[in-house]
Amino acid sequence: MKELQSLLSSGKPLFITIDGFRQAMLTAFPLNGKTPEKPEVKSAFGMTKDEMITYLGSHTWYQLESHLALLDIQKITNQENTTPITLTDEFSDEQLPDNSIAYHRVFGTVMSDSYYYFSSKQLQSDLLAAEANPQISCHFLHINSPGGEAWYLDRLSETLRSCEKPILTFYEQMCCSAGYYIGCHGQRIYAMTQNDYVGCIGTMCSFYDFEPYFAKLGIKKVEAKATKSDLKNKVFDDLRKGKDEQFVKDILDPMNAQFLSEVRSQRSKIADLPDDTPVLRGETFYTSQAVELGLTDGSKTMVEAIVETATMGREYTEAKNLKTAVYNI
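The sections below set out a description of the structure shown in this document.

### A short note on the overall build of the protein chain
In step 1: The number of helices and strands found in the protein chain is 13 helices and 9 strands.
In step 2: Its C-alpha atoms give the protein chain a radius of gyration of 22 Å, near enough to 20 Å, the size a compact globule of 329 residues would have.
In step 3: In the protein chain, which comprises 329 residues, the share counted as buried stands at 47%.
In step 4: When contacts within the protein chain are restricted to residue pairs at least 6 apart in sequence, long-range pairs at least 24 apart make up 72% of them.
In step 5: Per element, the accessible surface of the protein chain, about 17,600 Å² overall, is 52% carbon and sulfur.
In step 6: Counting 33 positive and 44 negative side-chain charges, the protein chain places the averaged centre of each group 8 Å from the other.

Right, here's the structure in full:
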């Protein structure tokens, strides 16, 4: 919880929807003033409480949540599909069946490095491990995120772009801002329903100024700067006073340019759109509009998306084997 509190009170640039920001604020700073220090471990489908505690000895809390979600998905997939398909979050396990699918879950607020929330750094590590594992043939990005922290997404994007194995992005409810920054790297992108929304491609900064409140409590801020430190924190001080020009120009605009460039490079229909088109100015769209604009490729059920991912993986493996055979002639 402290990780989220630190991010939201830092003034760092965010790739996030306004609804996502409100939800994150209420989670980090609940109205009753009480934040749980540590979630309670409870038994769930596929794992006993003791198994979960053991799992947490070598994994983060978010990885545990993702693993439990994966167990549920595997149950559904096995019930509805006759052909065996293996999804895995054990990315370095070379005992997996051939053509296994790497399952990457991007849920909730995006953080650069976190124990309780999705971590961009952890996803980067997972992608590299799956790429190095010959038993894994493709990646399945499962997204339900309003976005979050902007920092480190440029490095994560480099890793996503460098993946040789195919990537399919499947999102439910929302794939917005930082969530789409990640999801746009799928060669195919699908929504779960016609009522999921996607986009919010843009950059913002939002925080609360508590100085007037503290002043009413009689708490006076005292600050002094060295003679030659007149520019220290000036950009943020000006922002707090309502003068945002330099902050927007020097911080938000460059990060937003990176974001737009990344999306244009990954989605061909968006690449040549003019800069003033709504999709590149932070607008959000439901599935039918998103398909027309090129943000997504349609809607599928979870099982349909997984089956298509498996097909992409088999095609990748067959093409790679054929290429190797040709070189060995």
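Next comes the rest of the write-up.
### Structural notes on the packing of aromatic side chains
In step 1: Following the criterion strictly, the structure yields 11 aromatic pairs and no others.
In step 2: On the numbers, 5.9 Å between centres and 50° between planes, the contact of Tyr213 with Phe214 is tilted.
In step 3: According to the relative accessible area criterion, Phe214 is partly exposed, its value standing at 36%.
In step 4: Of the aromatic side chains, those joined through ring pairs into one cluster are Trp61, Tyr115 and Tyr116.
In step 5: Looking at Arg105, its charged tip hangs above the ring of Phe107, at a distance of 4.2 Å from the centre.

### Some details on the pairing of strand β7 (residues 188-191)
In step 1: In terms of strand pairing, strand β6 (residues 167-176) meets β7 through 4 bridges, oriented parallel. Within the sheet, the bridge partner assigned to Tyr171 lies in β7 and is Ala191.
In step 2: Crossover β6 to β7 through helix α7 (residues 178-183) is right-handed.

### A look at the nonpolar core
In step 1: If you look at the biggest cluster of nonpolar residues, it comprises 37 residues, and the most contacted ones within it are Phe15, Leu153, Tyr180, Ile182 and Leu295.
In step 2: For this core, the secondary structure elements donating two or more residues are β3 (100-111), α5 (120-132), β5 (136-149), α6 (153-162), β6, α7, β7 and α10 (245-266).
In step 3: In this view, Tyr180 contacts Cys175, Ile189, Val198, Gly199, Ile201, Val263, Arg267, Ile270, Gly294 and Leu295; residues no more than four positions away in its chain are not counted.
In step 4: Core analysis: the next-biggest nonpolar cluster, separate from the first, contains 19 residues, Met47, Met52, Tyr55 and Leu68 among them.

### Observations regarding the side chain of Glu262
In step 1: You can see Glu262 is positioned in helix α10.
In step 2: Those residues in contact with Glu262, other than ones at most four positions away along the chain, are Ser157, Arg161, Tyr181, Cys184 and His185.

### What about the pattern of salt bridges?
In step 1: By the definition in use, this model includes 12 salt bridges.
In step 2: Linking Glu158 and Arg155 is a salt bridge whose minimum nitrogen-to-oxygen distance equals 3.0 Å. Pair noted here: Glu158 and Arg155 are both in helix α6, with a separation of 3 residues, about one helical turn.
In step 3: Note that Lys221 and Glu211 form a salt bridge whose closest N and O atoms lie 3.0 Å from each other. Of this pair, Lys221 sits in the loop between α8 (211-216) and α9 (234-240) while Glu211 is found in helix α8, placing the two residues 10 residues apart along the sequence.

### A few points about the pairing of β5
In step 1: The buried fraction of β5 is high, at 14 of 14 residues.
In step 2: Bridge count between strand β1 (residues 14-16) and β5: 3 bridges; the pairing is antiparallel. Each bridged residue has a counterpart across the sheet, and for Leu14 the counterpart in β5 is Glu149.
In step 3: Here β5 runs beside β6; their pairing, made up of 6 bridges, is parallel. Across the sheet, the residue bridging to Leu141 is Thr169, located in β6.
In step 4: Assessed by its sense of winding, the connection that carries the chain from β5 through α6 to β6 is right-handed.

### Some details on the packing of α5 against α6
In step 1: Packing of α5 against α6 leaves a shortest axis separation of 9 Å and a crossing angle of 15°. By the angle between their directions, the pair α5 and α6 is classed as roughly parallel. At the point where α5 passes α6, the crossing takes the left-handed sense. Contact with α5, carried on its side by Ser120, Leu123, Gln124, Leu127, Leu128 and Glu131, involves Leu153, Arg155, Leu156, Thr159, Leu160 and Ser162 of α6 and no other residues of that element.
In step 2: Here the contact of α5 with α6 is composed, by residue class, of 6 nonpolar, 4 polar and 2 charged.

### Topic: a nonpolar patch on the surface
In step 1: Taken together, the side chains of Tyr208, Phe210, Tyr213, Phe214, Leu217 and Ile219 define a hydrophobic patch exposed on the protein surface, amounting to about 660 Å² of accessible area.
In step 2: Note on placement: Leu217 falls in the loop between α8 and α9.

### Focus on the side chain of Lys165
In step 1: Among the secondary structure elements, Lys165 is positioned in the loop between α6 and β6.
In step 2: Buried Lys165, no salt bridge; nearest opposite-charge side chain is Glu131, N-O distance 5.2 Å.
In step 3: Within the structure, the side chain of Lys165 is placed 3.2 Å from the backbone oxygen of Glu131, a separation counted as a polar contact.
In step 4: Within the local environment of Lys165, its side chain forms a polar contact with the backbone oxygen of Ile136, the two atoms lying 2.6 Å apart.
In step 5: Residue contacts for Lys165: discarding those within four places in its chain leaves Ala130, Glu131, Ala132, Asn133, Pro134, Ile136, Ser137, Cys138, His139 and Tyr316.

Parameters at a glance
- Residues numbered from 1 in each chain as written.
- Predicted model: local features only at pLDDT ≥ 70, side-chain atom pairs only at ≥ 80, totals over all residues.
- Heavy atoms only, no water.
- Helix = DSSP H or I, 4+ residues; strand = E, 2+ residues; numbered from the N terminus.
- Rg over C-alpha atoms; globule rule 2.2 N^0.38 Å.
- Buried < 20%, exposed > 50% of the residue type's maximum accessible area, 1.4 Å probe, protein only.
- Contact = heavy atoms within 4.5 Å.
- Areas by Shrake-Rupley, 256 points an atom, 1.4 Å probe, with all protein chains shown as cover.
- Lys, Arg positive; Asp, Glu negative; His and termini not counted.
- Charge placed at Lys NZ, Arg CZ, Asp CG, Glu CD.
- Phe/Tyr/Trp six-rings, centres within 6.5 Å; stacked < 30°, edge-to-face > 60°.
- Lys NZ or Arg CZ within 6 Å of the ring centre and 35° of its normal.
- Pairing = 2+ DSSP bridges.
- Right-handed = clockwise from strand over helix to strand, strands pointing away.
- Core = buried A, V, L, I, M, F, W, Y, C linked by side-chain atoms within 4.5 Å.
- Salt bridge = Lys/Arg side-chain N within 4 Å of Asp/Glu carboxyl O.
- Axes fitted to C-alpha atoms, helices over the stretch in contact; angles between N-to-C directions.
- Parallel < 35°, antiparallel > 145°, perpendicular 65-115°, else oblique.
- Left-handed = near helix turned anticlockwise from the far one by under 90°.
- Nonpolar A, V, L, I, M, F, W, Y, C, P; charged D, E, K, R; others polar.
- Patch = residues over 30% accessible without salt bridge, like charges linked within 9 Å, V, L, I, M, F, W, Y side chains within 5 Å.
- Polar contact = N/O pair within 3.5 Å; in protein donor to acceptor, adjacent residues only side chain to side chain.

Take it as geometry only, folks, not as evidence of what the structure does.
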